[in-house]
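Residue-level structure breakdown
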Amino acid sequence: MSENSTAPDAHAERDRTVPGPGPESGRGPGRDRGEPLFPGGPAADPAGSHHERRIRSFRPRRGRVTAGQGEALRRLWPQWGLDIDGLHRLDLGALFGDPDLPVVLEIGFGMGEATARMAAADPGTGILAVDVHTPGQGNLLALAERDGLSNVRVANGDAIILLREMLAPAALSGLRVYFPDPWPKKRHHKRRLLQPEFVELAATRLRPGALLHCATDWEPYAEQMLEVLTASPSFDNTQPDGGYSPRPDFRPLTKFESQGLDKGHIVHDLIFRRNDA
Ligand SMILES: C[S@@+](CC[C@H](N)C(=O)[O-])C[C@H]1O[C@@H](n2cnc3c(N)ncnc32)[C@H](O)[C@@H]1O
């Protein structure tokens, strides 16, 4: 996300945080170098170099972690957290403690407020929420505990490795990508998540009939999403006219969305269905 900060209108300007450990980060004055910030919490680089991807849709960043978020990371990660190490196939039934629970993956949940609200509104669906943003991971864990959301699991690492290495074919009942980093500079467009290769990888992990729901306030990215998804043989647009979807009631306003709206941006939703192809 930080890469976009050079563009005055881009998302990263909205989320300025002081990187590195601070007084509330969990790193006390006596902490040794290399000692984990949150013992038992998310791993700094779970997939490690054995799954290093050259082009990433995110910039690794920690941001300032509040005392409450740090406490949630230490205490709740062992129970509800998942490090994306790319080393094993996930048993989603075991992860959620219910073999019959349909599971939806949300990529890039940010601070997780919208994730928590959608999970509360739909307890019959498991939400596997993935991001690399440490403060957001702590925030979502704290929200899940506060609201008694037993259907949320928080994953740490690159969603591409999760999809490619750890999820079985047709494992997912849905995929949500809300306000992915827009990477506005032309030379960074290759970092955008919604590319043909990503869409076809996602298709293999979605069961037929599953919905892929994207939203963005970045007009050129919306156009790219529509083009890529329309061209995909694996998905059909739920809109008969082949265009954007009306904003569905079930998607709450996200943090980045409200900041985009404040700037006069227009938000586009795209809802495509995995077909049998
Ligand atoms: C612009 S923010 C939007 C956050 C949230 N959905 C919202 O609307 O407030 C995009 C998020 O996606 C995350 N992200 C980008 N690429 C990712 C990837 N490959 N795996 C996991 N998270 C990713 C970033 O860390 C960032 O938190």
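Residues numbered from 1 in each chain as written. Predicted model: local features only at pLDDT ≥ 70, side-chain atom pairs only at ≥ 80, totals over all residues. Heavy atoms only, no water.

The next thing to look at is the site of the ligand. If you check the shell around the ligand, you find 19 residues, and the closest are S57, G108, D131, Y178 and T254. The side chain of D158 places a nitrogen or oxygen atom 3.0 Å from a nitrogen atom of the ligand. Between an oxygen atom of the ligand and a side-chain N or O atom of T254, the distance comes to 2.6 Å. Its free accessible area being 600 Å², the ligand has 97% of it covered by the protein chains. One can see that the ligand is located within the largest cavity. Residues belonging to the shell around the ligand are distributed by class as follows: 8 nonpolar, 6 polar and 5 charged. (Near = heavy atom within 4 Å. Polar contact = N/O pair within 3.5 Å; in protein donor to acceptor, adjacent residues only side chain to side chain. Areas by Shrake-Rupley, 256 points an atom, 1.4 Å probe, with all protein chains shown as cover. 1 Å grid on protein atoms, 1.4 Å probe; cavity = no way out; pocket = protein on both sides within 12 Å on 5 of 7 lines; lining within 4 Å. Sits in = over half its atoms within 2 Å of the grid points. Nonpolar A, V, L, I, M, F, W, Y, C, P; charged D, E, K, R; others polar.)

The mixed open sheet is built from 8 strands, whose spatial order is β1-β4-β3-β2-β5-β6-β8-β7. A strand with exactly one partner marks an edge of an open sheet, and here the two such strands are β1 (81–83) and β7 (235–237). Across this sheet, the average inter-strand angle for adjacent strands is 25 degrees, counted without regard to direction. Sheet topology note: the β7/strand β8 (residues 268–274) ladder contains 3 bridges and is antiparallel. Within the sheet, the bridge partner assigned to D236 lies in β8 and is R273. (Pairing = 2+ DSSP bridges. Helix = DSSP H or I, 4+ residues; strand = E, 2+ residues; numbered from the N terminus. Axes fitted to C-alpha atoms, helices over the stretch in contact; angles between N-to-C directions.)

Before going further, it helps to examine the pairing of strand β3 (residues 126–131). By the criterion of burial, β3 is predominantly enclosed, with 6 of the 6 residues buried. Burial along β3 is two-sided: G126, L128 and V130 facing one way and I127, A129 and D131 facing the other are all buried. Judged from the 5 bridges that link them, strand β2 (residues 103–107) and β3 form a sheet pairing that is parallel. Note that in β3 the partner of I107 across the bridge is V130. The parallel pair β2 and β3, bridged by helix α3 (residues 113–121), forms a crossover whose chirality is right-handed. Pairing between β3 and strand β4 (residues 152–156): 5 bridges, direction parallel. The residue bridging A129 from the neighbouring strand is V154, located in β4. The β-α-β motif built from β3, the intervening helix α4 (residues 134–146) and the parallel element β4 has right-handed crossover chirality. (Buried < 20%, exposed > 50% of the residue type's maximum accessible area, 1.4 Å probe, protein only. Right-handed = clockwise from strand over helix to strand, strands pointing away.)

Here β4 lies mainly inside the structure; 5 of its 5 residues are buried. The alternating pattern of β4 places V152, V154 and N156 and R153 and A155 on opposite faces, both of which are buried. Two strands pair when backbone bridges link them, and β1 and β4 are joined in this way by 3 bridges, in the parallel orientation. In the strand pairing of β4, G81 is matched with V154.

Further remarks concern α4. Compared with the 18 Å implied by 1.5 Å per residue over 13 residues, the 18 Å span of α4 between its first and last C-alpha is a close match. Within α4, 10 of the 13 residues are buried, leaving the element largely enclosed by the surrounding structure. Of the positions making up α4, those classed as buried are T134, P135, G136, Q137, G138, N139, L140, L141, L143 and A144. Packing partners of the buried residues in α4 comprise α1 (67–80), α3, β3 and β4. (Expected span 1.5 Å × (residues − 1). Contact = heavy atoms within 4.5 Å.)

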